[in-house]
Amino acid sequence: MGPHPAVAAIRLAVRRVLHDILTEQPPAHDTRRTPARGAARPCAPDAERVPAPGTRRSVAAPARAPHDQTRTSARPRPGEDVAPAPLVLVACSGGADSMALASALAFEAPKLGIRAGGVTVDHGLQPGSELRADEVVLRLTELGLAPAESIAVTVGRDGGPEAAARDARYTALDSAAERHGATAILLGHTRDDQAETVLLGLARGSGIRSLSGMAAVSGADGRYRRPFLHLDRQTARKACMVQSLPVWDDPHNADPAYTRSRLRHEGLPALEKALGKGVVEALARTAQLSRDDADALDAWASQAEASVRDAAGLLECAKLYVLPPAVRRRILRRAAIEAGAPAGSLFARHIEEIDRLITGWRGQGAINLPGKVVAQRQGGRLVIRQG
């Protein structure tokens with residue numbers, strides 16, 4: 001008898017992502033090829049590794065015997081170096097989504113010759129968070145993941161509590177990946193999370209890129225992978241229940257002080273009541289369609305940018321004017337970011353103000369942008385620079 005359908009679904013999702021990761025790696029014994037982008041690099045043994053600041057606990061689980069179905073390749077020739085198997089980490093909060101992901105990774109990775117580890121981030125925002133982080137490390141170790149560690153971070157205030165916590169979390173995960181030489185980090189975002197992200201972007205009046213939600217692959221060199229974007233939250237929870245995996249429900253996820261929490265417990269249920277079931281699936285489908293469109297427009301803007309710059313590299317207003325607005329605004333946004341405007345602080349209204357220097361020129365003065373960047377029109381050229 002096979003596994004429960006929920007368990008089978010999460011394992012299949014993880015298996016597909018691990019196969020994708022393997023196809024990006026060169027043969028383990030072929031030292032003549034350049035390592036793939038994001039490929040694991042050899043790292044020091046745990047006893048010699050210097051932990052990153054904020055790392056509290058690292059537990060190395062005993063090595064498990066290779067599974068009969070371990071992925072094999074041709075034997076290396078005498079004298080050839082054998083590269084270590086790629087390491088994949090799972091970011092685990094202890095919640096149902098990430099615990100289901102950790103269990104699936106622990107099951108599938110050995111069959112493919114992949115090393116699997118886990119990281120939990122302690123944001124320090126609740127009493128007893130350190131103890132809970134240690135409990136998550138213990139659960140990861142019991143699943144056979146190694147390394148398994150918790151990292152304590154300090155959450156700032158920029159962009160609000162949710163954005164600040166997210167920034168601190170990804171910084172910690174990036175540090176862990178570099179320290180351990182990990183090829184990828186798996187994240188437990190589900191289809192429900194994707195639907196919430198689309199609605200949050202819609203509420204902010206953001207463009208199509210924001211409506212595209214979270215990408216299945218993101219980060220430097222495709223570091224972050226999201227296997228569960230096509231699975232709902234209940235599937236992950238059911239997988240934990242039938243495997244008797246203990247989970248922790250973060251009280252912040254039910255706290256109405258947080259925008260996403262209100263959307264999850266009030267907004268989406270209200271939409272489903274008014275529009276019927278299937279809202280979450282439709283929003284997730286909208287995200288994928290929007291991402292395809294946004295990718296195409298980004299590619300168009302990249303190709304068009306060179307044609308609208310003069311010999312000195314300045315943007316020519318007349319040439320920008322004839323471009324479709326969606327393409328032109330992408331070029332303007334990229335130019336502002338290159339001049340030093342923080343991408344996270346550059347909103348649609350900023351780009352619209354710059355765009356009016358092209359399409360609604362009436363002799364207006366300079367536009368002040370985040371990061372002390374200034375945009376102004378001079379002699380038919382658009383100049384965007386530090387003020």
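Scroll up to find the structure this text is about.
Below is a summary of the structure that appears in this document. Remember, predicted model here, so these are calculated numbers, not experimental data. (Residues numbered from 1 in each chain as written. Predicted model: local features only at pLDDT ≥ 70, side-chain atom pairs only at ≥ 80, totals over all residues. Heavy atoms only, no water.)

### Brief notes about the overall build of the protein chain
A count of helices and strands for the protein chain gives twelve helices and eleven strands. With 387 residues in all, the protein chain has 44% of them scored as buried. Restricting to contacts in the protein chain with at least 6 residues of sequence separation, those with at least 24 account for 71%. Summed over its atoms, the accessible surface of the protein chain is roughly 20,200 Å², and 54% of this surface lies on carbon and sulfur atoms. (Helix = DSSP H or I, 4+ residues; strand = E, 2+ residues; numbered from the N terminus. Buried < 20%, exposed > 50% of the residue type's maximum accessible area, 1.4 Å probe, protein only. Contact = heavy atoms within 4.5 Å. Areas by Shrake-Rupley, 256 points an atom, 1.4 Å probe, with all protein chains shown as cover.)

### Brief notes about the state of the cysteines
Counting across every chain of the model gives zero disulfides. Here Cys 92 stays free of any disulfide, with the sulfur of Cys 240 as its closest cysteine sulfur at 8.7 Å. (Disulfide = S-S within 2.5 Å.)

### Some words on the side chain of Ser 261
With respect to the element layout, Ser 261 can be found in helix α8 (residues 259-275). Assessed through its relative accessible area of 5%, Ser 261 is described here as buried. Apart from residues lying up to four places away in sequence, Ser 261 is in contact with His 252, Asn 253, Ala 254, Asp 255 and Pro 256.

### So, the sheet that holds strand β9 (residues 367-369)
Read from one edge to the other, the open sheet built from four strands follows the order β8-β11-β10-β9, with strand pairing classed as antiparallel. With one partner strand each, in any of the chains shown, β8 (315-316) and β9 form the two edges of the open sheet. Strand direction decides the pairing type here: strand β10 (residues 373-378) and strand β11 (residues 381-386), joined by six bridges, are antiparallel. Bridge pairing in β11 places Val 373 opposite Gln 386. Lying over the sheet, helix α11 (residues 325-338) contacts β8, β9, β10 and β11, oriented at roughly 35° with respect to β11. Helix α12 (residues 348-359) contacts β9, β10 and β11 of the sheet and is inclined by roughly 15° relative to β10. (Pairing = 2+ DSSP bridges. Axes fitted to C-alpha atoms, helices over the stretch in contact; angles between N-to-C directions.)

### Examining helix α1 (residues 5-23)
Counting along an α-helix, one turn takes 3.6 residues, and residues three or four places apart therefore face a common direction. Taking 1.5 Å as the rise per residue, α1 with 19 residues should run 27 Å; its terminal C-alpha atoms sit 27 Å apart, in good agreement. Every buried residue of α1 is listed here: Ala 6, Val 7, Ile 10, Arg 11, Ala 13, Val 14, Val 17, Leu 18, Ile 21 and Leu 22. The inward-facing, buried residues of α1 contact β2 (87-91), α2 (96-108), β5 (184-186), β7 (224-225) and α7 (233-242). (Expected span 1.5 Å × (residues − 1).)

### A short note on the nonpolar core
Within the largest apolar cluster, 38 residues are counted, with the highest numbers of intra-cluster contacts made by Val 14, Leu 18, Leu 105, Leu 145 and Phe 228. Only α1, β2, α2, α3 (129-142), β5 and α7 provide two or more residues apiece to this core. Ranked by residues supplied to this core, first place goes to α1 with nine residues. When sequence neighbours within four positions are dropped, the list of residues in contact with Phe 228 reads Ile 10, Ala 13, Val 14, Asp 97, Ala 100, Leu 101, Gly 188, His 189, Thr 190 and Arg 191. If you look at the next biggest cluster of nonpolar residues, it comprises 25 residues, including Leu 315, Cys 317, Leu 346 and Ile 351. (Core = buried A, V, L, I, M, F, W, Y, C linked by side-chain atoms within 4.5 Å.)

### Some thoughts on α11
With 14 residues, α11 extends 20 Å between its outermost C-alpha atoms, agreeing within 8% with the 20 Å of an ideal straight helix rising 1.5 Å per residue. Of all the positions in α11, only Val 327, Arg 328, Arg 330, Ile 331, Leu 332, Ala 335 and Ala 336 are classed as buried.

Interpretation in functional terms is not warranted from these geometric data alone.
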